Amino acid sequence: MHRFYLESTAGEPLQTDASIRLPENVSHQIRNVLRLRADDRIVLFNGDGREWTAVLDRDGTRTDREWRLSARLVECRTPDVEMRTHVTMAMALTRPQRYELALAKCTELGAHRFVPVISERVLKADRVIGANRRKRWRRITVEAAELSGRVKVPEISEPMPLVDVVDLRSAEQIKVIFLWERTDEPMLADLLNAMRDQASPPEEVIVVLGPVGGFSVEESNMASERGAIHASLGPRVLRTETASIAAMALAAQVLE
């Protein structure tokens, strides 16, 4: 069954046998793209950790600007698909196409939150995040969550300077992992395994990744001084989007 995220009802309770009007974008997708019909079943979720099987009603509501369908909720489930340890991907800004690929794939793998990072080598052109770009990012993560069977959509924070991202470790159960290709520190997989096996595993892990050209030595030293843990993905230099996906895949396997 096709899955759809109901952003307009996020956080609001849904009830069995309730009939709800579907948002315009969902109605358009169902009616004009997928060509679904009355009595067809779909899956709906609104980010509260549950998903609903729903049956499309026979009639929709048409106005001058839109056609909105209705659906009746018939069954509720709470799938065990979200990671128990929250993983925040703090990825330095880079070219839009590369960044969007990382957003989509890390969402599919289970990322809890994204923090766009402004570091020394982020190009000035990449630092400007307009409203249209943020909407596109949101659409990408929603579609990735729908596709992968998730019941929550990752939050995307406002862009932050690197030093502020590292300082997010102020809470005891938040660990910041600083990925740097020039470090002699442990491999990321080994570090994550050690964290998982602790008596009190972290509640959140923040994985920090650099831009094209990587982090500078000064940034690496700053991160160490502020308590970030250095780690490596291996001897090869990876592009930002490749490193992001590889790191999230390791975290999903080890911390699941």
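It should be noted that the structure appears before, not after, this text.
Presented here is a report on the structure given in the accompanying data block. Bear in mind the structure is a predicted one, so any value in this text is a computation, not a measurement. (Residues numbered from 1 in each chain as written. Predicted model: local features only at pLDDT ≥ 70, side-chain atom pairs only at ≥ 80, totals over all residues. Heavy atoms only, no water.)

1. Concerning the layout of surface pockets
Think of a ball as big as a water molecule: rolled over the atoms, this probe shows where empty space is left.
Next, step 1: Counted as a void, the largest pocket has a volume near 510 Å³.
Next, step 2: In terms of lining, the largest pocket is formed by 20 residues, of which the most central are Asn-25, Arg-139, Val-142, Glu-143 and Glu-146.
Next, step 3: Looking at the lining of the largest pocket element by element, the count peaks at 7 residues for helix 3 (residues 131-148).
Next, step 4: Residue classes in the lining of the largest pocket are distributed as 8 nonpolar, 5 polar and 7 charged.
Next, step 5: Roughly 330 Å³ of volume is contained in the second largest pocket.
Next, step 6: Lining the second largest pocket are 23 residues, with Glu-181, Val-237, Leu-238, Arg-239 and Ala-243 sitting closest to its centre.
Next, step 7: A total of 4 residues in the lining of the second largest pocket trace back to one element, the largest contributor, which is helix 7 (residues 240-255).
Next, step 8: Looking at the lining of the second largest pocket residue by residue, the class counts come to 11 nonpolar, 7 polar and 5 charged. (1 Å grid on protein atoms, 1.4 Å probe; cavity = no way out; pocket = protein on both sides within 12 Å on 5 of 7 lines; lining within 4 Å. Points joined across faces, edges and corners; volume = space filled by probe spheres on them. Helix = DSSP H or I, 4+ residues; strand = E, 2+ residues; numbered from the N terminus. Nonpolar A, V, L, I, M, F, W, Y, C, P; charged D, E, K, R; others polar.)

2. A word on the side chain of Ser-216
Next, step 1: Relative to the assigned elements, Ser-216 resides in the loop between strand 13 (204-209) and helix 6 (217-225).
Next, step 2: In this structure the side chain of Ser-216 is engaged in a polar contact, spanning 3.1 Å, whose partner is the side chain of Glu-120.
Next, step 3: When neighbours within four sequence positions are excluded, Ser-216 is seen to be in contact with Glu-120, Arg-121 and Trp-180. (Polar contact = N/O pair within 3.5 Å; in protein donor to acceptor, adjacent residues only side chain to side chain. Contact = heavy atoms within 4.5 Å.)

3. Concerning helix 6
Next, step 1: What helix 6 keeps buried is the set Glu-219, Ser-220, Met-222 and Ala-223. Buried residues of helix 6, viewed axially, fall in a sector of 160 degrees; they line one side. Residues Glu-218 and Glu-225 are exposed on helix 6 and point more than 90 degrees away from its buried face.
Next, step 2: As for helix 6, its buried residues are in contact with helix 4 (162-166), strand 12 (174-179) and strand 14 (229-231). (Buried < 20%, exposed > 50% of the residue type's maximum accessible area, 1.4 Å probe, protein only. Arc of directions from axis to C-beta.)

4. A word on the pairing of strand 4 (residues 51-56)
Next, step 1: Within strand 4, 6 of the 6 residues are buried, which leaves the element mostly enclosed by the surrounding structure.
Next, step 2: Residues Glu-51, Thr-53 and Val-55 point to one face of strand 4 and Trp-52, Ala-54 and Leu-56 to the other, with burial holding for every one of them.
Next, step 3: Pairing geometry for strand 3 (residues 41-45) and strand 4, over 4 bridges, is antiparallel. Each bridged residue has a counterpart across the sheet, and for Ile-42 the counterpart in strand 4 is Ala-54.
Next, step 4: The hairpin formed by strand 3 and strand 4 contains 5 residues between the paired strands, and Gly-47 there has a positive phi angle of roughly 95 degrees.
Next, step 5: Where strand 4 and strand 7 (residues 70-77) come together, 6 bridges link them in antiparallel fashion. Note that in strand 7 the partner of Ala-54 across the bridge is Leu-73. (Pairing = 2+ DSSP bridges.)

5. Quick word on helix 7
Next, step 1: With 16 residues, helix 7 ought to run about 22 Å at 1.5 Å a step, and its terminal C-alpha atoms sit 22 Å apart, in line with that.
Next, step 2: Within the sequence span of helix 7, burial applies to Thr-240, Glu-241, Ala-243, Ser-244, Ala-247, Met-248, Ala-251, Ala-252, Val-254 and Leu-255. (Expected span 1.5 Å × (residues − 1).)

6. Quick look at the nonpolar core
Next, step 1: Counting residues in each nonpolar core, the largest one holds 52 residues, and the members touching the most others are Met-89, Ile-177, Val-208 and Met-248.
Next, step 2: No other element matches helix 7, which puts 7 residues into this core.
Next, step 3: Contact partners of Met-89, with chain neighbours within four places excluded, come to Cys-106, Ala-111, Arg-113, Phe-114, Val-115, Val-207, Leu-209, Ser-244, Ala-247 and Met-248.
Next, step 4: Core analysis: the next-biggest nonpolar cluster, separate from the first, contains 15 residues, Ile-42, Trp-52, Leu-69 and Leu-73 among them. (Core = buried A, V, L, I, M, F, W, Y, C linked by side-chain atoms within 4.5 Å.)

7. Here's the deal with the sheet that holds strand 1 (residues 3-5)
Next, step 1: If you trace the 5 strands from one edge of the open sheet to the other, you get 1-3-4-7-2, paired in mixed fashion. Since the sheet does not close on itself, it has two edges, and those belong to strand 1 and strand 2 (19-21), each with one partner. Averaged over all neighbouring strand pairs, the angle between strand axes comes to 40 degrees, with direction disregarded.
Next, step 2: As paired elements, strand 1 and strand 3 share 3 bridges and run parallel to each other. Counted as the bridge partner of Phe-4 is Leu-44 from strand 3.
Next, step 3: In this fold helix 1 (residues 24-33) packs onto strand 1, strand 3 and strand 4, with an angle of close to 160 degrees to the strand it touches most, strand 1.
Next, step 4: Most of the contacts of helix 3 go to strand 1, to which it runs at about 145 degrees, and overall it touches strand 1 and strand 3. (Axes fitted to C-alpha atoms, helices over the stretch in contact; angles between N-to-C directions.)

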